[in-house]
Amino acid sequence: MEKFRFLTSGESHGKCLTAIIEGLPANLEIDVDFINSELKKRQGGYGRGGRMKIESDTVEILSGVRFGKTIGSPITLMIKNKDFENWQKIMSTNPEDETDEKAFTTCRPGHADYAGSIKYHQKDLRNILERSSARQTAAEVAVGAVAKLFLKQFGIEWSSKILQIGSGKTEEEFHTEIDNAKAEGNSLGGKIEVTYKNLPIGLGSYVHWDRRLDGRLAQAVMSIPAVKTVAIGNHHAYKMKGSEYHDEMFLENGKIVHKTNNAGGLEGGMTNGEDLVISATMKPIPTMQKPLHTIDLATMEETEAHFERSDTCAVEACAVVAEARVAWVLANEMLLKFGGDAMREEP
């Protein structure tokens, strides 16, 4: 069931990224500066590459907002790609501009290149790279920022943190790990954690598998490019006894509380009043200056992988994207449970 719906479009080196959002109530104040601050956070982080030095993402609202407030109609967001100036002919929609410049046929292991070329019957892997690129997460973060503005009206708070990068577990160790990987022409992944506080009890449902909130959240976070595992709550449950894992209930001043939160705020597919805690691991970025062994699909010969400008590490950006994706899911659940065509319903 979807109440908060959206679509994004755009290619990595295309003219722009866009998103259309539907389902938000009227009269929600939209803070453009906040959206832009979220976009800036996505572009930051130690280990980011040259593309982030070119782009300075800002959002332009094309519809659905008047005088700073939503009006109940679909909202259109646009983020221009500054680098498009250098790619106008290469990414042209005009058949007369067709060119082999920037085309490539050598698959990059770990990317969508090979499977995408088979699925969409494409010889030039540029046609796969452009949309499968994590560049599209800029539009998703903008949508997530709008969802956060909605959630904020109900006192819901959020945060994220980096738990590990490579073998490093502190900021100083993160930087050392990233510096070493960069010097080797290599890349690094890591582990992140996202927390949402003050959620009402009963978001989600146990009555059907596809309405369980843990499943919806896991799908949203798992589908972030390069994310390989997602856990909700204590991810060491597999080695704990039931008496150690399950969160016992107590009364404090007439209120039911849990003194632990191993469940991560979810029981039976529903929020239980505790903090929602989600962790995810991101694999090392598969584009590296030290190329991997692969196949050239044009010649069917063994060769080295194509190199496209890339990051050494993007774990911090992944945390920002994960915050955004969780925000989408929670905004949808809030609208499903409480409904309303305007932020304040009048009789």
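Trainee: Requested: an account of the overall build of the chain, with residues and values cited.
Mentor: What the chain contains, in helices and strands, is 9 helices and 16 strands. Taken against the 2.2 N^0.38 rule, which gives 20 Å for 347 residues, the C-alpha radius of gyration of the chain at 22 Å falls within 12% of a compact globule. On the principal axes, the C-alpha backbone points of the chain span a range of 70 × 50 × 40 Å. The buried share of the chain, reckoned over its 347 residues, is 45%. Total accessible area on the chain stands at roughly 18600 Å², and carbon and sulfur atoms take up 50% of it. Treating the 42 positive side-chain charges of the chain as one cloud and the 50 negative ones as another, the clouds have centres 2 Å apart.

Trainee: Which residues make up the sheet that holds strand β9 (residues 227-232), and what values go with them?
Mentor: Read from one edge to the other, the open sheet built from 4 strands follows the order β7-β8-β14-β9, with strand pairing classed as antiparallel. Each end of this open sheet is capped by a strand with a single partner; those strands are β7 (157-165) and β9. If you compare each strand with its neighbour and ignore which way they point, the axes differ by 20 degrees on average. As judged from the 5 bridges shared by β9 and strand β14 (residues 276-282), these two strands associate in the antiparallel manner. Considered in β14, the bridge of Val230 is made with Ala280. Across the sheet, helix α9 (residues 315-338) touches β7, β8 (190-197), β9 and β14, and the angle it forms with β8 is around 35 degrees.

Trainee: Outline the packing of aromatic side chains, supporting the account with residue identities and numerical values.
Mentor: For any pair of aromatic rings, the description consists of the separation of the ring centres together with the inter-plane angle of the planes. If you walk through the whole model with that rule in mind, you get 5 aromatic pairs. Taken together through their ring pairs, the aromatic side chains of Phe4, Phe6 and Trp328 make up a single cluster. A cation over a ring is seen here: Lys119 above Tyr120, with NZ or CZ 5.5 Å from the ring centre. The cationic tip of Lys259 hangs over the ring face of Phe250; the distance from NZ or CZ to the ring centre is 4.6 Å.

Quick notes on the rules
Residues numbered from 1 in each chain as written. Predicted model: local features only at pLDDT ≥ 70, side-chain atom pairs only at ≥ 80, totals over all residues. Heavy atoms only, no water. Helix = DSSP H or I, 4+ residues; strand = E, 2+ residues; numbered from the N terminus. Rg over C-alpha atoms; globule rule 2.2 N^0.38 Å. Buried < 20%, exposed > 50% of the residue type's maximum accessible area, 1.4 Å probe, protein only. Areas by Shrake-Rupley, 256 points an atom, 1.4 Å probe, with all protein chains shown as cover. Lys, Arg positive; Asp, Glu negative; His and termini not counted. Charge placed at Lys NZ, Arg CZ, Asp CG, Glu CD. Pairing = 2+ DSSP bridges. Axes fitted to C-alpha atoms, helices over the stretch in contact; angles between N-to-C directions. Contact = heavy atoms within 4.5 Å. Phe/Tyr/Trp six-rings, centres within 6.5 Å; stacked < 30°, edge-to-face > 60°. Lys NZ or Arg CZ within 6 Å of the ring centre and 35° of its normal.

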